[in-house]
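Descriptive analysis of the structure
Chain residues, written in single-letter form:
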Amino acid sequence: MPLTRSLSMTSLSGLPLWDEEDLPVDDLLLFEIAWEVTNKVGGIYTVIQTKAKITVDEWGENLFMMGPYYEHNFNTQVEQCEPPNPAIKKAMGALIDNGCLVYFGRWLIEGSPYVILFDTGSAAWNLDRWKGDLWDTCGIGLPAHDREANDSLLFGSMVAWFFKELTDELGDSPNVLAHFHEWQVGAGLILCRSRKIPLATIFTTHATLLGRYICAGNVDFYNNLDKFNIDQEAGERQIYHRYCLERAAVHCAHVFTTVSQITAVEANHMLHRKPDVVTPNGLNIKKFSAMHEFQNLHSTNKGQIQEFIRGHFYGHLDFNLEKTLFFFIAGRYEFSNKGVDIFLESLSRLNYLLRVHKNDVTVVVFFIMPAKTNNFNVETLKGQAVRKQLWDTAHTVKDKFGKRLYEALLKGDIPDMNTILDRDDFTIMKRAIYATQIVFHPEFLSSTSPLLPMDYEEFVRGCHLGVFPSYYEPWGYTPGECTVMGIPSVTTNLSGFGCFMEEHVSDPTAYGIYIVDRRFRSADDSCNQLTQFMFGFCQQSRRQRIIQRNRTERLSDLLDWRYLGRFYMHARSLALSRAFPDKFKMEPLAPPQTEGFRYPRPGSVPPSPSASVHSTPHHSDEEDDEEPYDEDKEAERDRQNIKAPFTLGATPEGKKTHPGESAD
C-alpha cells in the first residue's frame with residue numbers, strides 16, 4: 001500500500017518555520033546507506049531508525065535504505081515484498097543472476113521504509129578481484145586478517161554495482177541521491193565516484209576513526225588537533241587502511257556532513273575537509289497531553305527502583321528512601337572516553353561534601369554499561385529474593401489480618417491485636433526473614449530481569465539525574481534521551497549534544513542541562529565543576545526538582561526530527577546542486593537555512609545562578625514559599641522570547657576558539 005506524504009514543517013513551540021523550497025521528490029530517488037540498517041550495532045542505528053518516519057513523510061515511496069543482510073535480522077525486522085520500482089527490481093536482478101543475493105522488503109519500524117539488503121557472504125568469491133579493483137582505483141589495500149574491512153569492500157562493491165545497473169536503466173530521470181553513513185559503507189561511495197556513476201552523494205561521519213582511537217589512550221586530543229601526524233597515528237594503531245577508506249569517502253562525496261560542531265572541528269584536522277553541513281541527531285518526540293503525565297511516570301518508575309534498592313541493600317538499608325536520589329551513567333564501557341574516570345572521582349568528592357555539610361540526602365548511583373559477566377552476584381540475587389518473599393509474606397498476612405478484623409467487627413467486637421495473628425502467622429514471617437538461597441541466569445536491564453525488571457526507558461524515567469561527563473562524544477544520545485523524558489542530565493562541552501545545547505539555550509543549567517567544561521579546564525577543575533553540579537542538585541527541594549523536570553522536558557522540541565530534519569534537507573539540496581548543476585540551482589554563497597534559536601532563561605529563575613539553589617544545610621521539602629512559578633505562563637513566555645537567531649556552528653562572542661579553528 002503506497003505511503004502518503006504528509007510532511008509539514010510547522011513551528012514547534014516557537015521554533016522557526018522551515019521556508020526553504022521543497023525538492024521535487026517525485027523526480028528523485030533517495031537512498032540511505034548504512035551498516036546499521038536493520039542491524040543494531042551502536043548509535044547510528046538510533047539515528048537511522050528514528051529519522052525514518054520524518055524522511056518517509058517527505059519522500060514517500062521514493063526512499064530506500066540499504067544495508068547488509070543478516071538472516072536473523074531479516075526474519076525478525078523485515079517484511080519481505082517485491083520492489084515497486086521496475087528499475088530497482090531489474091538492478092537487483094542483475095546482481096542475483098550473477099550469484100550475489102539481494103533482499104527487499106519493508107523495515108518494521110515507524111514509517112515502514114523500504115530496505116535493500118546485500119548478502120556479502122554470497123559475494124565473497126569476488127573478494128580478491130574486488131580488492132584488485134580498489135587498489136587500481138585509489139591505491140588502498142586491505143589486509144586479509146581484517147574481516148570488517150573486507151566485508152565493507154564486499155558490501156561497497158555490491159552497492160556500486162547496483163547503482164551502475166540502476167542509473168543505466170533510469171537514464172536522466174529520475175535523478176538518484178545517495179547518502180552514505182560512516183566508513184564501513186565508504187567503499188561504495190568511492191567506487192561510484194571513480195566509475196563516474198551519475199548520482200549525487202553525501203557522506204556523514206558520526207565519529208572519526210582516529211578520534212575514537214586516540215582519545216581512548218588518555219591523550220589531550222582537542223588541544224593538540226593540529227599537532228598529530230595523522231598517517232603515523234593510523235599506522236601505529238594498524239587501522240591505516242580503514243582510515244584511507246574513510247578519508248577517501250569524505251573527499252569523494254559531493255557534500256560532507258558530520259553530527260556536531262565539535263566533530264566538525266575534529267574532522268577538519270583528522271580528515272582534512274571541513275564539513276559542508278552539520279546535521280545534529282534527533283529523536284521522535286511524542287508529547288504528553290498534560291504536563292503531569294510524565295511526572296507521574298517518573299514517580300511510578302522511581303517506585304520500582306526503590307523496590308530494587310530495598311532488596312539490594314537488604315540488611316543494610318540505613319537510609320531514608322524518600323530522601324534518596326538516583327543518578328546513573330550509561331553507554332559503552334569506555335572508561336576514559338565516556339568519563340567514567342572523572343565521574344568516580346567526583347562521586348568521592350560529592351560524598352565528602354554531603355558528609356561535611358551533614359546533608360540528609362543519600363545518592364545511589366547506577367552504572368549501566370554492558371560488560372562481560374559470568375553470572376549474577378549470589379548475594380545480590382539473595383537480597384532481591386528476600387525482598388520479594390518479605391513483600392509476598394506481608395501481603396499474605398495482611399489479607400488474613402484484614403479478614404479476621406472484618407469478621408470480629410461484624411460481631412460487634414473490638415479484637416485483641418495481640419491475638420488476631422496466630423502462631424502460624426508469626427512462623428511464616430520469621431521464615432521469610434531468615435530465608436533464602438537461589439540462583440538465576442543473568443540478563444541485562446530489561447523487563448524480564450530478575451534483579452531490576454525495567455526497560456531502559458522506564459529506568460531513565462525513574463532516575464533523578466543522568467551523568468555523562470564524556471571526553472569523546474561526537475553527539476551523545478543518552479543525555480538527549482534524558483531531556484525528552486524530562487530528566488535533568490550532565491553533559492560536557494566536548495559532546496555534540498552539550499555544544500548544541502550551549503548554542504540553543506541561554507541558561508542550560510536552569511533547564512536541567514549541566515555542561516561540564518572539559519575543553520578549556522584541567523581534569524581536576526572539570527572534576528570539581530561536576531562535583532558542584534551534583535552537590536547543587538542534591539541541595540534542591542522536591543518542588544524545585546519538579547519545576548526543573550518541567551523545564552527540561554520543554555527542551556524536547558529542539559531534539560525533534562521535525563525540527564532537526566531540516567539540516568538533512570539542506571544537505572540533500574546542496575548535493576543535488578553540485579552533482580546536477582543544470583537541473584538544481586542553489587546560491588553558492590548563501591548561508592544555509594539552518595538557523596537555531598536560543599531558549600531564554602526561564603522567567604522564574606533568579607538573575608544570579610548562585611541564588612537558584614539554597615546554600616547548605618539542605619532545606620526541607622515542605623518549603624512552599626521558594627520561587628514564584630507557573631508552568632503554563634513560563635512556557636508561553638519562552639515561546640514568545642525565542643527570537644534571537646544565530647548560525648549553527650558560530651563561536652559565541654568572547655569564547656575561545658580551538659587551535660586551528662576559525663570563528664566562523
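Since we're looking at a predicted model, the values are computed, not measured.

**Focus: the side chain of serine 260**
Structurally, the position occupied by serine 260 is in the loop between strand 8 (255-258) and helix 10 (261-270). A relative accessible area of 2% places serine 260 in the buried class. For serine 260, the residues in contact, after removing those within four places along its chain, are Val278, Pro474, Trp475 and Gly496.

**Focus: helix 6 (residues 186-194)**
Across the nine residues that make up helix 6, a large majority, seven, are buried. Every buried residue of helix 6 is listed here: Gly186, Ala187, Gly188, Leu189, Ile190, Leu191 and Cys192. Check the buried side of helix 6 and you find it contacts helix 4 (127-138), helix 5 (147-170), strand 6 (175-181), strand 7 (200-205) and helix 9 (240-252). At the C-terminal side of helix 6, lysine 196 shows a positive phi close to 55°.

**A closer look at the pairing of strand 11 (residues 362-368)**
With seven bridges connecting them, strand 10 (residues 324-330) and strand 11 associate as parallel partners. Opposite phenylalanine 327, over in strand 11, you have valine 365 as the bridge partner. The parallel pair strand 10 and strand 11 is bridged by helix 12 (residues 340-356), and the resulting crossover is right-handed.

**What to know about the sheet that holds strand 3 (residues 78-80)**
Spatially, nine strands are ordered 3-4-5-2-1-6-7-8-9 in an open sheet, and the strand pairing comes out mixed. At either margin of the open sheet sits one strand with a lone partner, and together these are strand 3 and strand 9 (277-278). Of the strand pairs in this sheet, strand 6 and strand 7 are connected by five bridges, and their pairing is parallel. Bridge pairing in strand 7 links leucine 177 to alanine 200. Most of the contacts of helix 3 (residues 86-97) go to strand 4 (residues 102-107), to which it runs at about 140°, and overall it touches strand 1 (28-34), strand 2 (63-68), strand 4 and strand 5 (114-118).

**Some thoughts on the sheet that holds strand 14 (residues 513-516)**
Two pairing modes exist for strands in a sheet, parallel and antiparallel, and in both the strands are linked by backbone hydrogen bonds. The strand order across the open sheet formed by five strands is 11-10-12-13-14, and the pairing between neighbours is parallel. Bordering the open sheet on either side are strand 11 and strand 14, each of which pairs with just one other strand. Adjacent strand axes in the sheet meet at a mean angle of 25° when their direction is disregarded. Bridging between strand 12 (residues 465-467) and strand 13 (residues 489-492) involves two bridges; their strand directions are parallel. Opposite glycine 466, over in strand 13, you have serine 489 as the bridge partner. On top of the sheet, helix 18 (residues 523-539) reaches strand 10, strand 11, strand 12, strand 13 and strand 14; it is set at about 160° to strand 14, its chief contact.

**Comments concerning the environment of aspartate 133**
Among the structural elements, aspartate 133 can be located in helix 4. Classification of aspartate 133 as partly exposed rests on a relative accessible area of 26%. Considering only alpha carbons, one finds aspartate 133 and leucine 191, 58 residues apart in sequence, at a separation of 9.0 Å.

**Brief notes about the packing of aromatic side chains**
For the coordinates displayed, the defined rule picks out 32 aromatic pairs. Aromatic pair tyrosine 514 and phenylalanine 533: ring centres 5.3 Å apart, planes at 55°, arrangement tilted. Note that tyrosine 514 is positioned in strand 14 and phenylalanine 533 in helix 18, a separation of 19 residues in sequence. We note that tyrosine 514, like phenylalanine 533, is buried. On the basis of an interplanar angle of 80° and a centroid distance of 6.5 Å, the ring pair of tyrosine 514 and phenylalanine 537 is categorised as edge-to-face. Residue tyrosine 514 is found in strand 14, and its partner phenylalanine 537 is found in helix 18; the two are separated by 23 residues along the sequence. The two residues tyrosine 514 and phenylalanine 537 agree in class, both being buried. Among the aromatic residues, those joined into a ring-pair cluster are Phe31, Trp35, Phe64, Phe104, Tyr114, Phe118, Phe155, Phe162 and Phe163. Positioned above the aromatic ring of tyrosine 568, the side-chain terminus of lysine 51 is 4.5 Å from the ring centre.

**Things to note about the side chain of glutamine 529**
On the secondary structure map, glutamine 529 appears in helix 18. Accessibility expressed as a relative area gives 15% for glutamine 529, which makes it buried. Within the local environment of glutamine 529, its side chain forms a polar contact with the backbone nitrogen of aspartate 517, the two atoms lying 2.8 Å apart. Setting aside residues no more than four positions away along its own chain, glutamine 529 makes contact with Ile515, Val516, Asp517 and Arg521.

**What about the nonpolar core?**
Grouped together as the largest cluster of nonpolar side chains are 77 residues, with contacts concentrated most on Phe31, Ile116, Phe118, Phe162, Phe163, Leu166 and Phe221. When residues in this core are grouped by element, the largest group, twelve residues, is from helix 5. What phenylalanine 118 contacts, discounting residues up to four positions off in sequence, is Met66, Gly67, Pro68, Tyr69, Leu95, Leu101, Val102, Phe155, Met158, Val159 and Phe162. Counting 64 residues, the second-largest nonpolar core is a separate cluster that includes Leu353, Leu354, Met369 and Ile487.

**A few points about unusual backbone geometry**
For the bond from serine 173 to proline 174, the omega torsion is -5°, close enough to zero to count as cis. Summarising the element assignment, proline 174 is placed in the loop between helix 5 and strand 6. Of note, the phi angle at lysine 196 is positive, near 55°, even though the residue is not glycine. Structurally, the position occupied by lysine 196 is in the loop between helix 6 and strand 7. A positive phi angle, near 50°, is found at lysine 358, a position not held by glycine. Judged by relative accessible area, lysine 358 falls into the exposed class, the value being 71%.

**Overview of the confidence of the model for the protein chain**
Of the residues in the protein chain, 73% have a pLDDT of 70 or more, and the chain-wide mean is 81. Below pLDDT 50 for its whole length, residues 607-625 participates in 37 contacts with residues either more than four positions away or in separate chains.

**Description of the pattern of salt bridges**
Inspection of the entire model under this criterion finds 22 salt bridges. For lysine 90, the salt bridge identified is with glutamate 169, shortest N-O distance 3.1 Å. Taken together, the residues lysine 90 in helix 3 and glutamate 169 in helix 5 connect sequence positions 79 residues apart. For lysine 90, a relative accessible area of 53% puts it in the exposed group. Among the charged side chains, a salt-bridge network with shared partners connects Glu32, Lys51, Glu58 and Arg572.

Parameters at a glance
- Residues numbered from 1 in each chain as written.
- Predicted model: local features only at pLDDT ≥ 70, side-chain atom pairs only at ≥ 80, totals over all residues.
- Heavy atoms only, no water.
- Helix = DSSP H or I, 4+ residues; strand = E, 2+ residues; numbered from the N terminus.
- Buried < 20%, exposed > 50% of the residue type's maximum accessible area, 1.4 Å probe, protein only.
- Contact = heavy atoms within 4.5 Å.
- Pairing = 2+ DSSP bridges.
- Right-handed = clockwise from strand over helix to strand, strands pointing away.
- Axes fitted to C-alpha atoms, helices over the stretch in contact; angles between N-to-C directions.
- Phe/Tyr/Trp six-rings, centres within 6.5 Å; stacked < 30°, edge-to-face > 60°.
- Lys NZ or Arg CZ within 6 Å of the ring centre and 35° of its normal.
- Polar contact = N/O pair within 3.5 Å; in protein donor to acceptor, adjacent residues only side chain to side chain.
- Core = buried A, V, L, I, M, F, W, Y, C linked by side-chain atoms within 4.5 Å.
- pLDDT = per-residue confidence, 0-100.
- Salt bridge = Lys/Arg side-chain N within 4 Å of Asp/Glu carboxyl O.

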